[in-house]
Amino acid sequence: MKKIITLLCLVSFFAACNDESPTPNNSNNSNNSSGTSVGITGVWNLVDLIEEDGQITRNGELASTYSTTTSNQNGTTEFRSDGTYISKIGYDYQIINTIDGETSVDNATKAPVITLGEYTYDSNKKEISTTVDGATFTSLVTELAANKIVIVTDTRTETVEDGVTVVSTNKTTATYSK
């Protein structure tokens with residue numbers, strides 16, 4: 001379970017796996033094309049990260065549900081005007097996991113991880129697409145102000161373990177400040 005959560009945490013910053021996501025073109029990375037002066041470029045400090053409505057299935061059968069909250073967040077994400085970003089994020093987290101009606105609570109620490117990639121921001125759709133290692137992920141920017149950004153991601157990861165397909169989904173909300 002912690003292996004899956006670690007993978008989710010890596011992806012959850014901005015990732016919602018979507019095969020139909022556009023390839024970054026660096027054409028509207030730094031501008032908010034809606035006509036306002038608020039842009040996405042700059043260094044953003046992680047304030048909060050929450051995972052809700054988490055489900056894990058094994059070969060299509062529900063195995064567990066979960067949610068996480070974080071504390072002691074440290075790290076930043078910098079969206080650069082050239083269409084690249086760098087993120088170094090770490091935090092403590094609490095996961096509430098329910099299996100067969102029994103709930104457990106675990107606490108763990110996510111050591112800071114550095115992620116480098118490209119991004120595009122479409123202010124009309126309020127979507128940010130990030131590309132890391134050839135995989136493109138799309139998230140919804142639900143709030144963007146001069147000193148605050150909230151990014152919501154419908155996260156989905158799929159792995160095969162000993163011939164069993166394990167799928168984990170959740171709604172991740174990341175809040176940043178400048």
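Residues numbered from 1 in each chain as written. Predicted model: local features only at pLDDT ≥ 70, side-chain atom pairs only at ≥ 80, totals over all residues. Heavy atoms only, no water.

### Quick look at the pairing of strand β7 (residues 148-161)
The pairing of strand β6 (residues 135-145) with β7 spans five bridges and is antiparallel. Across the sheet, the residue bridging to Val141 is Ile151, located in β7. The hairpin formed by β6 and β7 contains two residues between the paired strands. Sheet analysis places β7 next to strand β8 (residues 164-177), joined by 14 bridges and oriented antiparallel. Its bridge partner being in β8, Val150 is matched across the sheet by Thr175. Two successive antiparallel strands, β7 and β8, enclose a turn made up of two residues, where Asp162 displays a positive phi of approximately 50 degrees. (Pairing = 2+ DSSP bridges. Helix = DSSP H or I, 4+ residues; strand = E, 2+ residues; numbered from the N terminus.)

### Examining the nonpolar core
Counting 18 residues, the largest nonpolar core has Ile40, Phe79, Ile128, Ile149 and Tyr176 as its most contacted members. Taken together, the elements giving at least two residues each to this core come down to β1 (42-58), β3 (84-99), β4 (102-122), β5 (127-132), β7 and β8. No other element matches β3, which puts four residues into this core. Beyond its immediate chain neighbours, meaning those up to four positions away, Ile149 contacts Ile40, Trp44, Val141, Glu143, Leu144, Ala174, Thr175 and Tyr176. The next biggest cluster of nonpolar side chains, apart from the first, holds five residues, and it includes Tyr66, Ile95, Val164 and Val166. (Core = buried A, V, L, I, M, F, W, Y, C linked by side-chain atoms within 4.5 Å. Buried < 20%, exposed > 50% of the residue type's maximum accessible area, 1.4 Å probe, protein only. Contact = heavy atoms within 4.5 Å.)

### Observations regarding the pattern of salt bridges
Enumeration over the complete set of coordinates arrives at three salt bridges. Between Glu78 and Arg80 there is a salt bridge, with the nearest N and O atoms lying 3.6 Å from each other. Under the relative-accessibility criterion, Arg80 is labelled partly exposed at 32%. Where Lys148 meets Glu143, a salt bridge forms, and the shortest distance between an N and an O atom there is 3.6 Å. Residue Lys148 is classed as partly exposed on the basis of its relative accessible area of 33%. Its relative accessible area of 34% is what places Glu143 among the partly exposed residues. (Salt bridge = Lys/Arg side-chain N within 4 Å of Asp/Glu carboxyl O.)

### Quick look at the sheet that holds β7
The strand order around the closed barrel formed by eight strands is β1-β2-β3-β4-β5-β6-β7-β8, and the pairing between neighbours is antiparallel. Across the sheet, the axes of successive neighbouring strands diverge by a mean angle of 30 degrees, strand direction being ignored. (Axes fitted to C-alpha atoms, helices over the stretch in contact; angles between N-to-C directions.)

### Here we look at the confidence of the model for the protein chain
Mean pLDDT over the protein chain stands at 82; residues scoring 70 or higher make up 79%. Note that pLDDT drops below 50 for residues 1-37; the model gives that stretch 104 contacts with residues more than four away or on any other chain. (pLDDT = per-residue confidence, 0-100.)

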